[in-house]
Amino acid sequence: MSSVIQLLPDHVANQIAAGEVVQRPASVVKELLENAVDAKATQIKLVVKDAGKSLIQVIDNGVGMGVTDARLCFERHATSKIRHAEDLFAIHTKGFRGEALASIAAIAHVELKTKQEGEELGTHIIIEGTKVNSQDPAVVPKGTSFSVKNLFYNIPARRNFLKSETVEFRHIVDEFQRVVLAHPAIQFSLIHNGSELYNLTSSNLRQRIVGVFSGKTNEKLVPLSEETELVTVQGFVSKPEYAKKSRGEQFFFVNDRFIKSGYLHHAVMAAYEGLLKDGLQPSYFIYLTVPPNSIDINIHPTKTEIKFDDEHALYAILRSTVKHSLGMFNVAPVLDFERDPNLDTPYQIQNKEVNYPTIQVDSNYNPFSEDSKPKNFGRSSYREHQADTASWESLYVNLKTDSQEIASHSFETDIVSGSLFIENENEIEETSTRTYQIQKKYIVTPIKSGLIVIDQKRAHQRILYEQFLKNMTVANASSQKLLFPVSLQFSQNEINLIHELKGALENMGFIFDSISKDVILISGIPINSNESQVTAIIEAVINDLNNGTSDHNFSQNDTIAKSLARSMAVKNGSFLAQKEQENIVNGLFACKEPATSPFNKPTFITLSVDDIEKRFML
């Protein structure tokens, strides 16, 4: 009987490995940037076109490679980082498996230009799908340049599963930020479709954080510093008043490597206990330095998960460090029974100089003189003022009253045409039927066959969702102008996303005065919202879109409408007046799909008279 087990060809094995290592264009960016850092580069440039689908190029001024290394680096498990198995417990570099370049070369067109210092000529290699097309000497600068073109060209199914260009580029920016935050001493730049988005010079950690996000970030940061035998903790956390609903600006670095750890995140959140409202997340940039032999990095292909020898001690140290810093910088509240807060100087005038009031004195004034009269010190005399006041009615002499005219106008009213059941259109009682609110969560209204119990939150979400979709596709929504524009601060990546969403948000009722590098100015908001909700609404939309949308514009509009409906809908626990209850009931059954919320949850249940009678027969 012939054998059925055989070794896979190298190009097939490389494509299988590529599925683990290269999941999207951002994976290529991560691997190439980390290789440039390992090459001791001081200047690294990232060039991207079409969110990495057409081109990803990383140029560095590192040590470069010789002719043999340039060819050998594309072989599987070929690496300069480790030699023995014991080296896995003393890793000081980003990469060590030797899989990345082989995987990238298996699914893309790769061009490599590299030269070592002191060499006259470098090496130029072109590879297409693991096949080396050419390898020639070339005149190139010191360092290495990797160009990855037409990613997933030989795996069309994988290319079709990529998300929209906006989403894929956001993932690239995320990977770029993780590398640049870990290495503030290296100069980085990012160019997308010919536009330079980042140009970060060599700096310290605080300057790098401010350069990546915005200049306003500086005032949010509280420094951390703690050194123990087990771990050294450095970095920054944000003040509680700057907490957001999204978890975008949360970074853990262990030995200058970005990691994800729900356990360590819980330690930070425990330090903020009592300082944050429910659902809010603080920003943090925390750098942990531990002995390399006390961690295991080789547990996941992306190397973002790490096992620690003593997680419990690390949890306690991190929690106490964050809590100590918040208290030391007067961020955490303290009790002072002798202090009267009413005597505190307002923040906005603490550093202002005191200007003494000017006094005008009439030295010739004699109060006992019979002919003395009050002098005019910059104001109208009493008589003139009285004359002006008496003549105010003259302003309205020629105006006609519009009360009669207004009374003769007729207004259109929207008749609720929706029904609870298609086959029983006339089953709902007349509109004067009273509704009742239970536990500030449910609305109960009677019908001829029994009762309807409506979830007020889900019902309002359905009403707002269909209204927002209509505004985006058919007609613009109404806006309410703000007396004073609201200024909101966002990171550069979020500002770029707001630029793309501006049209859809304007259709919802938002009015933007200006959008700068890190601040947006809003002068109008939807009529269903209030000023205090604006920040939470915009953050929720950005957070939902960061989870990914498809290429279709309708899908993006649908995501925006769902996000706004969830943010602006009435919450459970809110008391509703009788009129508000009736509006929700009538608005729900005027919807096209009243039975479910935008998130496919039931909005109401019905209890028939028979069901109620059966309960009493038990």
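Since the structure is predicted, the reported quantities are computational estimates derived from the model, not experimental observations.

The rules we used
- Residues numbered from 1 in each chain as written.
- Predicted model: local features only at pLDDT ≥ 70, side-chain atom pairs only at ≥ 80, totals over all residues.
- Heavy atoms only, no water.
- Axes fitted to C-alpha atoms, helices over the stretch in contact; angles between N-to-C directions.
- Helix = DSSP H or I, 4+ residues; strand = E, 2+ residues; numbered from the N terminus.
- Left-handed = near helix turned anticlockwise from the far one by under 90°.
- Contact = heavy atoms within 4.5 Å.
- Nonpolar A, V, L, I, M, F, W, Y, C, P; charged D, E, K, R; others polar.
- Salt bridge = Lys/Arg side-chain N within 4 Å of Asp/Glu carboxyl O.
- Buried < 20%, exposed > 50% of the residue type's maximum accessible area, 1.4 Å probe, protein only.
- Pairing = 2+ DSSP bridges.
- Phe/Tyr/Trp six-rings, centres within 6.5 Å; stacked < 30°, edge-to-face > 60°.
- Arc of directions from axis to C-beta.
- Polar contact = N/O pair within 3.5 Å; in protein donor to acceptor, adjacent residues only side chain to side chain.

Where helix α12 (residues 456-473) meets helix α13 (residues 492-508), the axes come as close as 8 Å, and the angle between the chain directions of the two elements is 115°. Two packed elements cross with a definite hand, and for α12 against α13 that hand is right-handed. For the pair α12 and α13, contact is made by F468, N471 and M472 and by A504, N507 and M508, respectively. Taken together, the residues that form the contact of α12 with α13 break down as four nonpolar, two polar and no charged.

The next thing to look at is the pattern of salt bridges. Counted by the stated rule, this structure contains 12 salt bridges. In this structure, E111 and K149 form a salt bridge, with 3.7 Å as the shortest nitrogen-oxygen distance. With E111 in strand β3 (residues 109-115) and K149 in strand β6 (residues 143-149), this pair connects stretches of sequence that are 38 residues apart. Residue class for K149 comes out partly exposed when judged on its relative accessible area of 36%. As a salt-bridge pair, K562 and D558 come within 3.3 Å of each other at their nearest N and O atoms. Of this pair, K562 and D558 are both found in helix α15 (residues 553-568), four residues apart, which corresponds to roughly one turn of the helix. On the accessibility criterion, K562 (24% relative accessible area) is partly exposed. For D558, a relative accessible area of 14% corresponds to the buried category. Counted as one network, the salt bridges with shared partners bring together K30, E31 and E34.

In spatial order, the strands read β5-β4-β3-β6-β2-β1-β7-β8; together these eight strands make up an open sheet with mixed pairing. Each having just a single partner strand, β5 (131-138) and β8 (195-200) make up the two edges of the open sheet. The sheet shows a mean angle of 10° between the axes of neighbouring strands, direction not considered. Contacts from helix α7 (residues 205-212) reach β7 (187-192) and β8 within the one sheet, and its direction differs from that of β8 by about 165°.

Turning to the sheet that holds strand β12 (residues 257-259), a few remarks are in order. The sheet built from five strands is open, its strands ordered β9-β10-β13-β11-β12 with mixed pairing. Looking at which strands have only one partner, the edges of the open sheet turn out to be β9 (221-227) and β12. Taking each pair of neighbouring strands and ignoring which way they run, the sheet shows an average axis angle of 20°. Pairing geometry for β9 and strand β10 (residues 232-238), over seven bridges, is antiparallel. Within β10, the residue paired with P223 across the bridge is F236. Along the sheet, helix α6 (residues 165-182) makes contact with β11 (250-254), β12 and β13 (284-289), crossing β11 at roughly 50°. Seen against the sheet, helix α9 (residues 311-328) touches β9, β10, β11 and β13 and runs at an angle of roughly 135° to β9.

The next subject is the environment of V67. Positionally, V67 belongs in helix α3 (residues 67-72). When its relative accessible area of 54% is taken as the criterion, V67 is described as exposed. Remark: the alpha-carbon pair of V67 and T114, spanning 47 residues in sequence, is separated by 8.7 Å. Residues contacting V67, with those up to four places away along its chain left out, are T123 and Q135.

So, about the packing of aromatic side chains. Two descriptors summarise a pair of aromatic rings, namely the distance from one centre to the other and the angle between the planes of the rings. All told, the structure shown has 13 aromatic pairs when counted by the stated rule. On the basis of an interplanar angle of 5° and a centroid distance of 6.1 Å, the ring pair of F251 and F253 is categorised as stacked. One exposure class covers both F251 and F253, and it is buried. Their ring planes at 10° and their centres at 5.5 Å tell us that F251 and F285 sit as a pair that is stacked. Linking F251 in strand β11 with F285 in strand β13, this pair joins segments that are 34 residues apart in sequence. One exposure class covers both F251 and F285, and it is buried.

Turning to α7, a few remarks are in order. Burial in α7 covers these residues: R208, I209 and V212. With its buried residues spanning 100° around the axis, α7 presents them on a single face. As for α7, its buried residues are in contact with α6, β7, β8, β9, β10 and β13. Sitting at the head of α7, N204 places a side-chain oxygen 3.3 Å from the backbone nitrogen of R206.

Don't take any of this as a statement about function, it's just geometry.
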